[in-house]
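Take a look at the letters that make up each chain.
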Amino acid sequence: MLSRRALLKLSGAAALSSSLPALAEDLAAPDFRLDIAAVTLALSPRHKLRTTAYNGQAPGPLLRLREGQPVTIEVANHTDHAEVVHWHGLFLPPAVDGALEEGTPAIAPGASARYTFTPAPAGLRWYHTHAMAMGDLSRGLYSGQHGLLMIEPRNNPGRYDRELFLALEDWSGYLSASEDGAMNPSYAVSTINGKTLGSGEPLRVKQGERALLHVVNTSPTDVHWIALAGHELQVIALDGNPVPSPRRVPMLRIAPAERVCAIVEMNNPGIWILGEVRKHLQAAGLGIVVEYADQHGAPRWLQPTDLVWNYEQFATAPVQEPPPSRATIVVPLVIESKFRGHGAMESWLINGRSYPDTTAEPLREGLRYRLQFINKSHDDHPLHLHRHSFELRSLGRSLDGSGSASAPHIAGIIKDVVLVDAHTQAEVEFIADHPGATLFHCHQQSHMDMGFMLLFHYA
Ligand SMILES: [Cu+2]
């Protein structure tokens, strides 16, 4: 008899159990199971939507894992197309990470796969399909294939009475022409936790509680701005990683794939709306009611006048630009779009090439790299590095001379997605300490599909 460990070793970490029928029975039951299948979701009584989701729900089940404690997740694909699940923000080998480009095997229609891994780092992560959508706005991240994943730290640093998990999602995408004639996705409906504002159960809280909000933007392409009327939010973690300077803010800006953890002191009894700050998106459904015990009446919203957010406020105090250490290797990445004609989506270029023709020097294990994002395009991009975290070092340096010429250098904010504004340069640093193929891409599904990807290899 093969032990489970030996079997996994033999078959690779993401064993296709369907190809091992005789041995499959010997496998211990998985800790979690995800079934990918078609489903009809009721986003509201008016909005029924046919899509694909995990376990018949969107977001999928909350997966609570323990830092350092191995876990096995079985994923069964009941659809008629190949799928793959990416464990976003975890340090995993390429065979398990969930990106075909890195070498994770696809899960064929009708097949299932077992992902066995040791969860790290601690904090708020998420999981989602990493399949392409191209022109089909029902596939990939346009579908309901997303869920939240929490890696409980070995030592729990939080002091809170209640955790509230929120997934922000946009649905029923369609392509519409922007000013320059290129096509971009727009959405008919938006939700929090799969329901439009007022359609789902309210978040129930009590006066005097400290609620810990865990917010993930699972949208295929769009940034969201979130406020809770009558309350401030104390941001304690970005992308699941504690920030050096927790701060109270009036609202959150969350780009696709970003996460924000924030403490709210429940000290203003009433019935309130937590939702999109921009009225048209809240009207499209992006909101949820927050209800204090023993309070009654219509939910209240207080409209902020401005959109306010920056990453820098959560960093350690501004630091002098350190002389570039000889051990830091600078990797300039120039981002541009290419117009492909009216009625078509633009294609995307990194250093003049689109994936799969994008190239980069191989990484060397143990060295420190500085990725220089030089965004010459008219769009803001949520840029994601797989299998690693990076530290924000500078943001918002203007490329056209109109803004600040020299951006402050910052330290201490560890993330795996950063929103780089149009016509600016941003820099992040990471240590190449997870050998193996490593995907870098824009997290907007349409941009990723149209060439905005780069595969780093280790030497
Ligand atoms: Cu992009």
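Small disclaimer: the values here were computed from a predicted structure and weren't measured.

Novice: Describe the nonpolar core, with residues and values.
Specialist: One finds Leu252, Phe373 and Val418 to be the most contacted residues of the largest nonpolar core, which totals 71 residues. For Leu252, the residues in contact, after removing those within four places along its chain, are Val215, His224, Trp225, Ile226, Leu233, Val235, Val260 and Trp309. Membership of the second largest hydrophobic core comes to 23 residues, among which are Ile36, Tyr54, Ile73 and Val96.

Novice: So what's going on with the sheet that holds strand β22 (residues 368-375)? Which residues, and what values?
Specialist: Pairing in this open sheet of six strands is mixed, and the strands run β21-β20-β22-β27-β24-β25 from one edge to the other. Every other strand in the sheet has two partners, leaving β21 (347-350) and β25 (414-415) as the edge strands with one partner each.

Novice: Go over the pattern of salt bridges, please, and point to the residues and values.
Specialist: Throughout the structure, instances matching the rule amount to 20 salt bridges. Among the ionic pairs, Arg162 bridges to Glu209, the shortest N-O distance being 2.8 Å. Taken as a pair, Arg162 in strand β9 (residues 162-177) and Glu209 in the loop between β11 (203-205) and β12 (210-217) lie far apart in primary sequence, 47 residues in all. Here Arg259 makes a salt bridge to Asp416, at a shortest N to O gap of 2.8 Å. You can see Arg259 sitting in strand β17 (residues 259-265) and its partner Asp416 sitting in the loop between β25 and β26 (417-420), a full 157 residues away along the chain. A single burial state applies to Arg259 and to Asp416, both of which are buried. Sharing partners across several salt bridges, the network here consists of Asp239, Glu258, Arg259, Lys415 and Asp416.

Novice: Explain the packing of aromatic side chains to me, using residue names and the numbers behind them.
Specialist: Counted according to the given criterion, the structure contains eight aromatic pairs. Ring geometry for Tyr54 versus Tyr127: centroids 5.3 Å apart, planes at 45°, classification tilted. Pair noted here: Tyr54 is in strand β2 (residues 48-54) and Tyr127 is in strand β7 (residues 123-129), with a separation of 73 residues, a long-range link. Across the pair, exposure class does not vary: Tyr54 and Tyr127 are buried alike. Among the aromatic residues, ring-to-ring pairing joins Tyr54, Trp87, Tyr115, Phe117 and Tyr127 into one connected group.

Novice: So, the layout of surface pockets: which residues are in play, and what are the values?
Specialist: For the largest pocket, the calculated volume is near 700 Å³. Surrounding the largest pocket, 31 residues form its lining, Asn184, Pro185, Thr221, Asp222 and Gln444 being those nearest its centre. Within the residue set of the lining of the largest pocket, elements represented by two or more residues are β9, β10 (183-192) and α4 (279-283). With five residues, the top contributor of residues to the lining of the largest pocket is β10.

Novice: Run through the coordination of the copper ion, naming residues and quoting values.
Specialist: Surrounding the copper ion are the protein donor atoms His381 (ND1), Cys442 (SG) and His447 (ND1), which sit 2.0 to 2.1 Å from the metal. Site description for the copper ion: donor spacing in sequence, H-x60-C-x4-H. Linking His381 in strand β23 (residues 381-385) with Cys442 in strand β28 (residues 438-442), this pair joins segments that are 61 residues apart in sequence. Judged by its relative accessible area of 0%, His381 falls in the buried class. Judged by relative accessible area, which is 0%, Cys442 ranks as buried.

Novice: Give me the lowdown on the environment of Pro246, citing residues and values where you can.
Specialist: In this structure, Pro246 sits in strand β15 (residues 241-249). Judged by relative accessible area, Pro246 falls into the partly exposed class, the value being 40%. Sequence-distant contacts of Pro246, defined by excluding residues within four places in its chain, comprise Gln234, Val235 and Ile236.

The rules we used
Residues numbered from 1 in each chain as written. Predicted model: local features only at pLDDT ≥ 70, side-chain atom pairs only at ≥ 80, totals over all residues. Heavy atoms only, no water. Core = buried A, V, L, I, M, F, W, Y, C linked by side-chain atoms within 4.5 Å. Buried < 20%, exposed > 50% of the residue type's maximum accessible area, 1.4 Å probe, protein only. Contact = heavy atoms within 4.5 Å. Pairing = 2+ DSSP bridges. Helix = DSSP H or I, 4+ residues; strand = E, 2+ residues; numbered from the N terminus. Salt bridge = Lys/Arg side-chain N within 4 Å of Asp/Glu carboxyl O. Phe/Tyr/Trp six-rings, centres within 6.5 Å; stacked < 30°, edge-to-face > 60°. 1 Å grid on protein atoms, 1.4 Å probe; cavity = no way out; pocket = protein on both sides within 12 Å on 5 of 7 lines; lining within 4 Å. Points joined across faces, edges and corners; volume = space filled by probe spheres on them. Donors = N, O, S within 2.8 Å, 3.2 Å for Na, K, Ca; no water.

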